[in-house]
Amino acid sequence: GRGGKSQKAAARGGRPQSSQGRAAGGGRDNTDPERSNAAAKTQVLLQLLDQPGPGGGAAHAKEACVRTVVFCNSIESCRQLENALGRADRKGLKRTVLPLHAAIPEPARRASLAAFGRADRAVLTPMVLVCTDRASRGADFGGPDAPVGHVVLFDWPRDPAEFLRRVGRTARGGGEGRCTALVVGRQVKVAQRVVDAARSGRRLSAIDESGPVNKY
């Protein structure tokens, strides 16, 4: 993230993991990892959402992060995740899930952004914005009164440059935040190269020459 303490890490190992290194269940699967590992990644995400996190101020210091942005690569992935989060919290007592993608009407997208941008004192339950890169691009959220404490890359971006745009949504204006990437299989090495390049200040486009980054 820009201007703060942001923990950016790629999972290590062959199964989906959080940045803290806990593996989710599930066996090896040679099919599309975004599909075959969605359930395992969802379980890891639910654990992450229940952890205390930055971005909520003193009143929320021991509670789950007030605002989390979860990035998916497609509308289908967004919808599947929205449904899974809804099933895990049917009464909506633990969190408020807000969709932001092209499959919902413009008024609904504006309503999601308005709710997500409410000041901390007006937030009753932690909010999770589930979005695509296209829908979030240009959207104004994460200001000083409504900081994003956690960014989760549920799907690893197909374009390495999107990594910086995604993680830049947290730790703004000198605040604190963290970023977690849920990666599987061959994505792990690609993600680690991108994270290492970002940490060292190298241009992400330069890593394309060392391997097939764009394929993932």
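Residues numbered from 1 in each chain as written. Predicted model: local features only at pLDDT ≥ 70, side-chain atom pairs only at ≥ 80, totals over all residues. Heavy atoms only, no water.

Undergrad: Could you give an account of the pattern of salt bridges, naming the residues involved and the relevant values?
TA: Applying the stated criterion across every chain yields a total of eight salt bridges. Across the pair Asp-50 and Arg-95 runs a salt bridge whose closest N-O atoms are separated by 2.9 Å. Placement of the pair is Asp-50 in the loop between helix 2 (38–49) and strand 2 (67–72) and Arg-95 in the loop between helix 3 (75–88) and strand 3 (96–100), with a sequence separation of 45 residues. Residue Asp-50 is classed as partly exposed on the basis of its relative accessible area of 42%. Between Arg-110 and Glu-106 there is a salt bridge, with the nearest N and O atoms lying 3.7 Å from each other. In this pair, Arg-110 and Glu-106 both sit in helix 4 (residues 106–116), four residues apart, roughly one turn of the helix. Glu-106 gets classed as partly exposed once you look at its relative accessible area, which sits at 37%. A cluster of three or more residues bridged by salt bridges with shared partners is formed by Asp-50, Lys-94 and Arg-95. (Salt bridge = Lys/Arg side-chain N within 4 Å of Asp/Glu carboxyl O. Helix = DSSP H or I, 4+ residues; strand = E, 2+ residues; numbered from the N terminus. Buried < 20%, exposed > 50% of the residue type's maximum accessible area, 1.4 Å probe, protein only.)

Undergrad: Lay out the pairing of strand 3 with the relevant residues and their values.
TA: Here strand 3 pairs with strand 4 (residues 127–132) via five bridges, running parallel. Among the inter-strand pairings, Leu-100 is bridged to a residue of strand 4, identified as Cys-131. Where the polypeptide runs from strand 3 across helix 4 and back to strand 4, its parallel neighbour, the crossover connection is right-handed. (Pairing = 2+ DSSP bridges. Right-handed = clockwise from strand over helix to strand, strands pointing away.)

Undergrad: If you had to explain the packing of aromatic side chains to someone new, which residues and values would you point to?
TA: What describes a pair of aromatic rings is the distance from one ring centre to the other and the angle between the planes of the rings. Applying the stated rule across the entire model yields one aromatic pair. Judged by centre distance (5.6 Å) and plane angle (40°), the ring pair of Trp-156 and Phe-163 falls under tilted. Judged by relative accessible area, which is 2%, Trp-156 ranks as buried. (Phe/Tyr/Trp six-rings, centres within 6.5 Å; stacked < 30°, edge-to-face > 60°.)

Undergrad: Go over helix 2, please, and point to the residues and values.
TA: The terminal C-alpha atoms of helix 2 lie 16 Å apart, and with 12 residues this matches the ideal 16 Å at 1.5 Å per residue to within 8%. Most of helix 2 sits out of view: nine of its 12 residues are buried. Turning to helix 2, its buried residues are Ala-38, Ala-40, Lys-41, Thr-42, Val-44, Leu-45, Leu-46, Leu-48 and Leu-49. (Expected span 1.5 Å × (residues − 1).)

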